Amino acid sequence: MADTAASAAGSATGVARGRRPAVLPLLGRQFRYQNLLFWRNPFSAFFTIAFPLMFLLLFCSLQGGSRLTERGDIRFAQFFTPSILVFAAISATYVNLATSVAIARDDGILKRLRGTPMPGWLYVAGRVLHATFAAVLASVIMVAAGILLFHVKLFPHLLPAAVVTLLFGTLSFCALGLALAAVCPNGEAAPAMANFTWLPVAFISSIFYPLDNAPQWLQTLGGIFPVKHFAEAMQATFSPFTTGSGFRWHDLGVILLWAAGGTIVAVRKFQWEPRAANGGRRRRRRGA
Amino acid sequence: MPQEDGEDMGGIAVEVSDLRKSYGAVEAVKGISFELAEGECLAMVGPNGAGKTTTVEILEGFRPRSGGDVRVLGLDPETAGRDFRERIGIVLQSSGLDRNLTVRELVYFYSGYYPHPRNVDETVELVGLAEKRDTRVKALSGGQQRRLDLALGIVGDPDLIFLDEPTTGFDPSARRHSWELVDSLRDLGKSILLTTHYMDEAQNLADRVVVIAGGSIVAEGSPESLGGRDLAEAVISFRLPPGLSLADLPGALPSQPQLRDGHVLLRTATPTVALNLLTGWAVGRGEELEALTVMRPSLEDVYLQLTGEGDAAAPAALAAKEVTPNG
C-alpha cells in the first residue's frame, strides 16, 4: 500500500524515474498476456487440445486392436499417439501463430505495441514461447491419454530424442507460422491459408496412416514438406523396434532447413502495420 | 539543426522544419514547419486528407519522411529507439485492442513496458473507467474503448503525448471529461500534440492551433487570434425598436448600419465606440435594445474559411445566421 502511494506521488511529480524493465520479467509478462488470450479464445484452445484429443479417442477406438504390419506389427495406438501429438503441436504453433498474429496485425494491435518501448523481438519471443508451451502441453495430454486409455508404452531411453524432436518441430513450425502471418494479405484469410497449407500435407505425411507402402511419388512428395519428417521422427521415439537413442538426424535436418527458410521469410516480410491501411484509409475505428 | 538564436533545445519538445512526405507521385505533406514548446498543447486541425495523421505518424516514428528535418524530444524519430518510445505516449487515430482482455489487464500489461509507469488503477480511474476495470474490451462502447486508448497512451507517464482525434465518437459529457484529463496532463508539464476535427476542442485545450489543408500550413496562432479573428470586424446586432427606422439611429456611427428582418446589423472595427453611441442613444430615448449581441467570427468560421470548406461569404452568412433566430 505504501508502495502504491509512493509510486502514485512519484508519477504525479515526475520525480521518480524508474528503471527499464529487465528482459526476463518482460518476457514472463508477454507469456502471461498470450496465455490469457489463448484460454479466453475458445477456438484456439479447442483446436489445439480438444480437437486432436477427439481424433485420438475416435481413431484408436475405431482401430481397436489392429496392428500395423509395415511398422513391425506394432499396435495402432502406439503409432497414432505420437502422430496426433505432432498434429496437436503443429496446430498449436503453425496454425495458431499464423492466424492470431495476422489478425493482431490487421486489428492494429501490433502497431500499437510498436509505439511502446517494448522491443519487437521480445513480442515475437513471447509468442514463440507461449506457442511452444501450448504445443508441449497438448503433447503431454495426448501421451497421457494414450497411456491411460490405450496402453501406449513409453521407452525411457527414447525420451530424450522425443523431447528434442518435439522442440525442433515446435520451433520450426513457429517460424513457419510467423512466415505465413507475414505473407498473408489479411487477417481474415489467415485461418483458411493456414489450414489449406497444412491439412492436405498432413494426409501425405504419415500422420493418419503410415505411408510406407504408398506409391513412391507420394512418399517423395510428402518428403519435401517438414510434416512427414516431424511425424516419422516422433513415431520412431515411440517404436519398440527403434535401435540406439532414437534421434533421426536426417529428419531433424530437413525440419531445420524449413525452420531456416521460415525464419528468413518471417524476418524479411514481417509487418507491424495493418495491411489494409497501406493503400489508403479503409480502416475506420468501430463506432466512429 | 542549430538554432540561429543559439538558445538551448531544452524548451522545445517538437521541432519540424520543411517536412515533406510523398506517397508515389502524391505529395501528402508539402513542406511544413512548426514547433511545440515543452509543456505546450498544440492542436493540429484540418479536413480529412490534409496530412495531419501522416505528420503525426512521422513524428511518432511510424513512417519515414521524404524530406525536411524533424526533432522530437531532441531525437530523430526515424532512427530513435527504445529511449525515445519510453518518453512518448501515443493515442493513434485507429488501432486495435485485444477484445478478450479486461481494461485493467491491458493497462497492466502496457504499464510493464515502461521504466516508470503510472499506477495501473489510478490510470484506469483517471480516464473514467474505474467501473469498467474488470470488463472485457469487447463489451465496452466505442467511447469507452477510446478512453482505454487514452489510458494506454499515458500509462507510461510520457513527457510528450500524441493524441490523434482522441474524442471522436464521444458524447458531450465524455468529451468534457477527456478535456479535463488533457488539462490535468498539461498541468503536470506534459507536452501535447493534438489533432482534432472539433474547433471547440482546439479552443478549449490548445495554447496554439496549426491549420493544415492540402499538406500545407495555412494558418497558425492562438485560438483567440487565429486567422486575424481578434482583429476581424465585429458585428453588432439588435432588434430595431418598434416605430423607428434606420434614420432614427445616431448619426455618428462608425459605419453604415443595415436592416435585415427587423434587426439592425452594424459591422465595425471599433465596437466599443459604436456600442457607446448606441446604448447612450437608447438610454436617452428610454428604449431597451432587444436581442443585443456583439459577434466575432468563431474559430469554426475562421477554420472553414481557411480550409476553403465553407461558404466564401462566411462572415456574412454568420451575421445572417445569428440574426434570424425567429423567436
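Definitions and cut-offs
- Residues numbered from 1 in each chain as written.
- Chains lettered and ligands numbered in written order.
- Predicted model: local features only at pLDDT ≥ 70, side-chain atom pairs only at ≥ 80, totals over all residues.
- Helix = DSSP H or I, 4+ residues; strand = E, 2+ residues; numbered from the N terminus.
- Buried ≥ 20, exposed ≤ 12 C-beta atoms within 10 Å, placed from the backbone.
- Contact = placed C-beta atoms within 7 Å.
- Pairing = 2+ DSSP bridges.
- Axes fitted to C-alpha atoms, helices over the stretch in contact; angles between N-to-C directions.
- Domains from an automatic or database assignment.
- Core = buried A, V, L, I, M, F, W, Y, C linked by C-beta atoms within 7 Å.
- pLDDT = per-residue confidence, 0-100.
- Expected span 1.5 Å × (residues − 1).
- Parallel < 35°, antiparallel > 145°, perpendicular 65-115°, else oblique.
- Left-handed = near helix turned anticlockwise from the far one by under 90°.
- Nonpolar A, V, L, I, M, F, W, Y, C, P; charged D, E, K, R; others polar.

**Describing the overall build of chain B**
Right, on to step 1. For chain B, the count of helices and strands is 10 helices and 13 strands.
Right, on to step 2. Overall, the C-alpha framework of chain B stretches about 75 × 50 × 40 Å when taken along its three principal axes.
Right, on to step 3. Out of the 327 residues in chain B, the part that is buried amounts to 43%.
Right, on to step 4. For chain B, the proportion of contacts with a sequence separation of at least 24, taken over those separated by at least 6, is 66%.

**Considering the overall build of chain A**
Right, on to step 1. What chain A contains, in helices and strands, is 12 helices and 2 strands.
Right, on to step 2. For chain A, the succession of helices and strands along the chain, N to C, is α-α-α-β-β-α-α-α-α-α-α-α-α-α.
Right, on to step 3. Residue pairs in contact within chain A that sit at least 24 positions apart in sequence constitute 81% of those at least 6 positions apart.

**A look at the sheet that holds strand S6 (residues 160-164) of chain B**
All names here are of chain B.
Right, on to step 1. Reading across the sheet, the 6 strands line up as S5-S6-S7-S3-S8-S9 and stay open at both edges, with mixed pairing between neighbours. At either end of the open sheet lies a strand with only one pairing partner, and these are strand S5 (88-91) and strand S9 (216-221). Across the sheet, the mean angle from the axis of one strand to that of its neighbour is 15°, orientation sign disregarded.
Right, on to step 2. Relative to strand S8 (residues 208-213), strand S3 (residues 41-45) runs parallel, the two sharing 4 bridges.

**Thoughts on the domain arrangement of chain B**
Residues and elements named next belong to chain B.
Right, on to step 1. Domain assignment breaks chain B into domain 1 (9-226) and domain 2 (228-323).
Right, on to step 2. Computed over C-alpha atoms only, the centres of domain 1 and domain 2 are separated by 39 Å.
Right, on to step 3. The interface of domain 1 with domain 2 comprises 14 residues on the first partner and 10 residues on the second.
Right, on to step 4. Sorting the residues of the side of domain 1 that touches domain 2 by element identifies helix H7 (199-205), S8 and S9 as the ones contributing at least two each.
Right, on to step 5. The dominant element in the side of domain 1 that touches domain 2, judged by the number of residues it contributes, is H7, at 3 residues.

**Some remarks on the sheet that holds strand S12 (residues 263-268) of chain B**
Residue and element names in this part refer to chain B.
Right, on to step 1. Ordered in space as S11-S12-S10-S13, the 4 strands form an open sheet in which the pairing is antiparallel. At either margin of the open sheet sits one strand with a lone partner, and together these are strand S11 (258-260) and strand S13 (293-295). Averaged over all pairs of adjacent strands, the angle between strand axes in this sheet comes to 25°, irrespective of strand direction.
Right, on to step 2. Sheet topology places strand S10 (residues 234-239) next to S12; 6 bridges connect them, and they run antiparallel.

**As for the environment of Arg146 of chain B**
Residue and element names in this part refer to chain B.
Right, on to step 1. Note on placement: Arg146 falls in helix H5 (residues 142-154).
Right, on to step 2. Assessed through the 24 C-beta atoms surrounding it within 10 Å, Arg146 is described here as buried.
Right, on to step 3. For the pair Arg146 and Val91, spaced 55 residues apart in sequence, the C-alpha to C-alpha distance is 8.8 Å.
Right, on to step 4. Leave out the neighbours within four places in its chain, and Arg146 touches Pro166, Gly169 and Phe170.

**Considering the nonpolar core**
Nonpolar side chains tend toward joint burial in soluble globular proteins.
Right, on to step 1. Counting residues in hydrophobic clusters, the biggest one holds 137 residues, and the most contacted among them are Ala89 and Ala98 of chain A together with Ala43, Val107, Ala151, Leu193 and Leu194 of chain B.
Right, on to step 2. In terms of residue count, the dominant contributor to this core is helix H4 (residues 76-106) of chain A (19 residues).
Right, on to step 3. Counting contributing residues per domain, this core is built from domain 1 (9-226) and domain 2 (228-323) of chain B, each supplying no fewer than three.
Right, on to step 4. Setting aside its immediate chain neighbours within four residues, Ala43 of chain B contacts Leu194, Thr196, Ala202, Leu205, Ala206 and Val209 of chain B.
Right, on to step 5. By size, the runner-up hydrophobic cluster in this structure holds 8 residues, among which are Phe238, Val264, Leu266 and Leu278 of chain B.

**Digging into the environment of Ile12 of chain B**
Residues and elements named next belong to chain B.
Right, on to step 1. Relative to the assigned elements, Ile12 resides in strand S1 (residues 12-23).
Right, on to step 2. For the pair Ile12 and Ser191, spaced 179 residues apart in sequence, the C-alpha separation works out to 9.4 Å.
Right, on to step 3. Contacts of Ile12, omitting those with residues within four sequence positions, involve Glu35, Ala37 and Glu38.

**Describing the pairing of S5 of chain B**
Residues and elements named next belong to chain B.
Right, on to step 1. Neither face of S5 is open: one carries Ile88 and Ile90, the other Gly89 and Val91, and all of them are buried.
Right, on to step 2. The pairing of S5 with S6 spans 4 bridges and is parallel. Residue pairing for S6: Gly89 is matched across the bridge by Ile161.

**Side note on the pairing of S3 of chain B**
Residue and element names in this part refer to chain B.
Right, on to step 1. The buried fraction of S3 amounts to 5 of the 5 residues, a majority that puts the element mostly inside the structure.
Right, on to step 2. Side-chain alternation along S3 places Cys41, Ala43 and Val45 on one buried face and Leu42 and Met44 on a second face that is also buried.
Right, on to step 3. Bridging between S3 and strand S7 (residues 191-196) involves 5 bridges; their strand directions are parallel. Within the sheet, the bridge partner assigned to Leu42 lies in S7 and is Leu193.

**Quick word on the confidence of the model for chain A**
Right, on to step 1. On average, residues of chain A score 87 in pLDDT, and 90% of them are at 70 or above.
Right, on to step 2. Contacts from residues 277-288 of chain A, a stretch scored under 50 in pLDDT, to residues over four places away or in other chains number 15 contacts.

**What to know about helix H11 (residues 249-269) of chain A**
Right, on to step 1. With 21 residues, H11 of chain A should cover 30 Å at 1.5 Å per step; its first-to-last C-alpha distance of 30 Å lies within 8% of that length.
Right, on to step 2. Close packing links the buried residues of H11 of chain A with helix H7 (159-183) and helix H10 (226-236) of chain A.

**Structural notes on the environment of Ala194 of chain A**
All names here are of chain A.
Right, on to step 1. Inspection of the secondary structure assignment puts Ala194 in helix H8 (residues 190-203).
Right, on to step 2. Here Ala194 falls in the buried class, since 24 other C-beta atoms lie within 10 Å of it.
Right, on to step 3. For Ala194 and Cys184, which are 10 residues apart along the polypeptide, the C-alpha to C-alpha distance reads 9.3 Å.
Right, on to step 4. Ignoring sequence-local partners within four residues, the contact set of Ala194 consists of Tyr94, Val95, Ala98, Thr99 and Leu180.

**Description of the packing of helix H3 (residues 42-63) of chain A against helix H6 (residues 120-150) of chain A**
Geometrically, a packed helix pair is captured by the angle between its two axes and the distance between the axes.
Residues and elements named next belong to chain A.
Right, on to step 1. For the pair H3 and H6, interaxial distance at closest approach is 10 Å and the crossing angle is 25°. Relative to H6, the element H3 is oriented roughly parallel. Remark: the crossing between H3 and H6 carries right-handed chirality. Here Thr48, Ile49, Pro52, Leu53, Leu56 and Cys60 of H3 lie close against H6, whose contacting residues are Ala134, Ala138, Ile141, Met142, Ala145, Gly146 and Phe150.
Right, on to step 2. Its residues assigned to classes, the contact of H3 with H6 comprises 11 nonpolar, 2 polar and no charged.

**Notes on the packing of H4 of chain A against H10 of chain A**
Residues and elements named next belong to chain A.
Right, on to step 1. Between H4 and H10, the least distance of the axes is 8 Å, while the angle of their chain directions is 140°. Overall, the two elements H4 and H10 adopt an arrangement that is oblique. Relative to H10, H4 is oriented so that their crossing is right-handed. Between H4 and H10, the residues in contact are Phe79, Pro82, Ser83, Leu85, Val86 and Ile90 and Val227, Phe230, Ala231, Met234 and Gln235, respectively.

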